[in-house]
Amino acid sequence: MRGRSDGNQKKRLITSVCIVAIFLGFLYAYYGSSNNGSSALEYGKSLRKLGSSYLGGDDDNDGKQDEYSKFGHEDGEDDVVPKSFPVCDDRHSELIPCLDRNLIYQMRLKLDLSLMEHYERHCPPPERRYNCLVPPPAGYKIPVKWPKSRDEVWKANIPHTHLAHEKSDQNWMVVKGEKIIFPGGGTHFHYGADKYIAAIANMLNFTNNKINNEGRLRTVLDVGCGVASFGGYLLSSDVITMSLAPNDVHQNQIQFALERGIPAYLGVLGTKRLPYPSRSFELAHCSRCRIDWLQRDGILLLELDRLLRPGGYFAYSSPEAYAQDEEDLRIWKEMSALVERMCWRIASKRNQTVIWQKPLNNDCYMARAPGTLPPLCRSDDDPDAVFGVPMEACITPYSDHDHKAKGSGLAPWPARLTAAPPRLADFGYSSEMFEKDVEIWRRRVDSYWDLLSPKIQSDSLRNLMDMKANLGSFAAALKDKDVWVMNVVSEDGPNTLKLIYDRGLIGSIHNWCEAYSTYPRTYDLLHAWTVFSDIEKKGCSGEDLLLEMDRMLRPSGFVIIRDKQSVVDFVKKYLTALHWEAVATADASSDSEQDEDEIVFVVQKKMWLTSESLRDTE
């Protein structure tokens, strides 16, 4: 018996060894025979060090930028250019590097959860970054096109149905076969955002119940926006909304918003100022946004006050507004006292909604009794300094100009788009310089569209980002296209974002040495005007920026790079690694008399899936 048993064990051992050998042979044939890594199916290939030392543990690099990431790297040394980027693990298909909860836990950051610090930006140090391509989820499809996308998206693109069940009684979203449908409901507008918006306009006595108030109301901030149906339905009224929410228990709400083609940003009212200048919005909105407005001496409400224009409104739909029980009554009483000390007045109150209005000038602030809280901000406080700047529980008074003008002095939309903004003088710019900028970018955008025209249809593009927006004239030149633009202004340059908001556009402050606060695959086109040259001066890695751009870009999306020749040459070396393909190259001098040393380079991102994603799909 023992002999037969030993024989069986030997047979099983030999069989096991053969199976392992065959499996290893298959792996060698599959991976070893691959060419230069152009296929994303080469999942998890070995990492080659690029600009920054990623994935922790490259001790010989110490996280410093190595010589090969320089844009001026000489030709003929292609052996040091990586043949492929590794693909991130599929569980990172929704990676947001600076809002990565797993990183926060791993780094043992001591954050105050009650102040929402864990939802604020915490970017990884160089040694903890992921130097890999973020893969799409299994079954990913090219997104539904606008305007149809407002009402439906592919479930495979955002495979999260938690909100459909949790908010089933509020008509946020409904799962229907392969798609997720958005009926337009919200926590306080179950019967549709369009009716709710008309009700707000009626409360404010706007002409014909039109929320845009004949062009005087253009920019809106929706705090705790859910899936952004409020902002989505405002677009048909020529009102653009910055829909804001954190990556919290309401899974992927901002990702849904952007997939739908609605402007949105990942952010939270926590301890830091939101990345928008003072006096940017005509209306702020909160529909049961679950924010404790009374905390820390009203600091969060004072942040909204900073962002509202003179005479701006705050529409608040919440149980406290119609006070039904003892706790609601207490909150309403305290909140009413707070906003009164802030010099807000009730513009209208009906059913579940109250709308407060901010004063037009400083008169009320000056008339307050000495020692009244909240205090006015210090005279040396810059209300437009926002990137990583802590909030303060103080009231931002108006400038002398706005106080005397009793308002912002803005033309109604759409005239304000091309009218010289009143705050132009803050930068020493003349109206003539502004008008010239508008004309230059009009010609440049016409040229871009000529280059793109063989590749795009009228509905190919929806979510656009201008990575260095300057005065916002790139976005202004696109007014007649059915697109919206996230205008990004550098944190260390002239803070021209307030001019962009004065023009009736939206955007945010950012540093391109870090990842942007958005989900992967959320933009159809990125416009990078000298962005690579700018980060080179800061000593940041061009490879890092390429990977970040790829993360944000939708499959089949486009990048327009406008920069010096050495930058274009640098990017060309990574096209295969990124699964991008060149679309067109043009001399920048053909569309303007300036910047003759700049080159326009247009690329398109290919559609790809990992081998693991393909197996899941099958």
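Up top is the structure these notes are about.
Here is what the cut-offs are and how they apply
All residue numbers here refer to positions counted from 1 along the written sequence of the relevant chain. Note on the predicted model: pLDDT of at least 70 is required for a residue's local features to be given, and 80 or more for side-chain atom pairs to be given and counted; whole-chain, interface and lining totals, by contrast, use all residues. Here the side-chain values reflect all heavy atoms present in the structure, with hydrogen atoms and water set aside. Note on conventions: DSSP H or I runs of at least 4 residues are helices, E runs of at least 2 residues are strands, and numbering of each starts at the N terminus. Residue contacts are defined here by distance: any two heavy atoms, one from each residue, within 4.5 Å place the two residues in contact. Reported accessibility uses the Shrake-Rupley method at a 1.4 Å probe radius. Residues are deemed covered only where the shown protein chains occlude them. Only the six-membered ring of Trp is used, alongside the rings of Phe and Tyr, when aromatic pairs are assigned; centres must lie within 6.5 Å, and planes under 30 degrees apart are stacked while those over 60 apart are edge-to-face, with the rest tilted. Buried residues are those whose accessible area, probed at 1.4 Å on protein chains only, stays under 20% of the maximum for their type, while exposed residues exceed 50% and partly exposed ones sit between those limits. Any two cysteine sulfur atoms within 2.5 Å of one another count as a disulfide. When a carboxyl oxygen of Asp or Glu lies within 4 Å of a side-chain nitrogen of Lys or Arg, that pair is called a salt bridge. Lines fitted to C-alpha atoms define the axes, with helix axes restricted to the stretch in contact, and inter-axis angles between N-to-C directions lie between 0 and 180 degrees. By definition in this entry, angles of less than 35 degrees are roughly parallel, angles greater than 145 are roughly antiparallel, angles of 65 to 115 are roughly perpendicular, and the rest are oblique. Handedness of a crossing is defined here by the sense of rotation of the near helix relative to the far one, left-handed for an anticlockwise turn of less than a right angle and right-handed for a clockwise turn. For the purposes of these results, a polar contact is taken to be a pair of N or O atoms within 3.5 Å, where, inside protein, one atom must be able to donate a hydrogen and its partner to accept one; residues adjacent in sequence count only when each atom of the pair is a side-chain atom. Only strands that DSSP links by at least two bridges are regarded as paired with each other.

Trainee: Which residues make up the overall build of the protein, and what are the values?
Mentor: Along the protein, the regular secondary structure elements total 19 helices and 17 strands. Partitioning the contacts of the protein with sequence separation of at least 6, the portion at a separation of at least 24 is 71%. Here the protein has roughly 26600 Å² of accessible surface; of this, 50% comes from carbon and sulfur atoms.

Trainee: Account for the packing of aromatic side chains, naming residues and giving values.
Mentor: For the structure shown, the criterion picks out 24 aromatic pairs. Centroid distance Tyr365 to Tyr398: 6.3 Å. Interplanar angle 45°. Geometry classified as tilted. Here Tyr398 lies in the loop between helix 9 (363-367) and helix 10 (400-405) and Tyr365 lies in helix 9, a separation of 33 residues in the sequence. Owing to a relative accessible area of 5%, Tyr398 belongs among the buried residues under this scheme.

Trainee: I'd like a rundown of the state of the cysteines, residues and numbers included.
Mentor: This model, assessed by the stated rule, comprises 6 disulfides. The disulfide bridge from Cys98 ends at Cys123, spanning 2.1 Å between sulfur atoms. The disulfide joining Cys98 to Cys123 has a torsion of about 110° about its S-S bond and is therefore right-handed. Of the two residues, Cys98 sits in the loop between helix 1 (2-32) and helix 2 (101-106) while Cys123 sits in the loop between helix 2 and strand 1 (152-154), which places them 25 residues apart along the sequence. Accessibility expressed as a relative area gives 2% for Cys98, which makes it buried. Of the residues examined, Cys123 reaches a relative accessible area of 27% and is grouped as partly exposed. There is a disulfide in this structure between Cys343 and Cys364, and the S-S distance comes to 2.1 Å. Residues Cys343 and Cys364 share a disulfide whose torsion about the S-S bond is about -85°; that sign makes it left-handed. You can see Cys343 sitting in the loop between helix 8 (326-341) and strand 9 (345-350) and its partner Cys364 sitting in helix 9, a full 21 residues away along the chain. With relative accessibility at 8%, the residue Cys343 sits in the buried group. Each bonded cysteine in the protein gets a number by its place in the sequence, and the pairs come out as 1-4, 2-3, 5-6, 7-8, 9-10, 11-12.

Trainee: Could you give me a rundown of the pattern of salt bridges, with the residues and numbers involved?
Mentor: With the rule as written, the count across this model stands at 35 salt bridges. A salt bridge links Arg462 to Asp482, with the shortest nitrogen-to-oxygen separation between them at 3.5 Å. Separated by 20 residues along the polypeptide, Arg462 in the loop between helix 12 (431-452) and strand 11 (463-466) and Asp482 in the loop between helix 13 (473-476) and strand 12 (484-490) bring together distant segments of the chain. Residue Asp524 is joined to Arg554 by a salt bridge in which the shortest nitrogen-to-oxygen separation is 3.0 Å. Here Asp524 is found in strand 14 (residues 523-529), whereas its partner Arg554 is found in strand 15 (residues 553-564), with 30 residues between them in sequence. One connected set of salt bridges, linked through shared partners, spans Glu282, Arg309, Arg416, Arg423 and Asp502.

Trainee: Any details on the packing of helix 7 (residues 295-307) against helix 8? Residues and values, ideally.
Mentor: The relative placement of two packed helices comes down to the angle between their axes together with the axis-to-axis distance. Packing of helix 7 against helix 8 leaves a shortest axis separation of 11 Å and a crossing angle of 60°. One element, helix 7, and the other, helix 8, form an angle in the oblique class. When the axes of helix 7 and helix 8 are compared, the crossing they make is right-handed. Along the contact surface, helix 7 presents Asp297, Gly298 and Leu301, while helix 8 presents Met335, Leu338 and Val339.

Trainee: Could you give an account of the side chain of Gln604, with specific residues and numbers?
Mentor: Locating Gln604 in the fold gives a position in strand 17 (residues 598-605). A distance of 3.0 Å separates the side chain of Gln604 from the backbone oxygen of Ser556, its partner in a polar contact. Beyond its immediate stretch of four places on either side in the chain, Gln604 contacts Lys455, Ser556, Gly557, Phe558, His579, Trp580, Glu581 and Val583.

Trainee: Tell me about the environment of Arg551, and please be specific about residues and values.
Mentor: Note on placement: Arg551 falls in helix 16 (residues 542-552). Separated by 419 residues in sequence, Arg551 and Cys132 have C-alpha atoms that sit 9.4 Å apart. Setting aside residues no more than four positions away along its own chain, Arg551 makes contact with Leu95, Ile96, Pro97, Val134, Ala515, Tyr516, Thr518, Tyr519, Pro520 and Arg521. Among the polar contacts made by the side chain of Arg551, one reaches the main-chain carbonyl oxygen of Tyr516 at a distance of 3.0 Å.

Trainee: Pulling in residues and values, what's your account of the sheet that holds strand 17?
Mentor: Pairing within the open sheet is mixed, and its 7 strands lie in the order 13-12-11-14-15-17-16. What marks the edges here is a single partner per strand, and that holds for strand 13 (506-510) and strand 16 (580-587). The average undirected angle you get between the axes of adjacent strands in this sheet is 20°. Relative to strand 17, strand 15 is paired through 7 bridges, and the arrangement is antiparallel. Within strand 17, the position partnered with Lys564 by the bridge is Glu598. Where helix 12 meets the sheet, its contacts fall on strand 11, strand 14, strand 15, strand 16 and strand 17, and the angle it forms with strand 15 comes to roughly 130°.

Trainee: I'd like a description of the sheet that holds strand 7 (residues 281-287), backed by residues and values.
Mentor: Spatial strand order, 6-5-4-7-8-10-9: 7 strands in an open sheet with mixed pairing. Looking along the sheet, the strands with just one partner apiece sit at the ends: strand 6 (264-266) and strand 9. Ignoring strand direction, the axes of neighbouring strands in this sheet form an average angle of 20°. In this structure, strand 9 lies alongside strand 10 (residues 353-357), joined through 5 bridges in antiparallel fashion. Looking across to strand 10, one finds that Arg350 is bridged to Thr353.

Everything listed here is a matter of geometry and, on its own, says nothing about what the molecule does.
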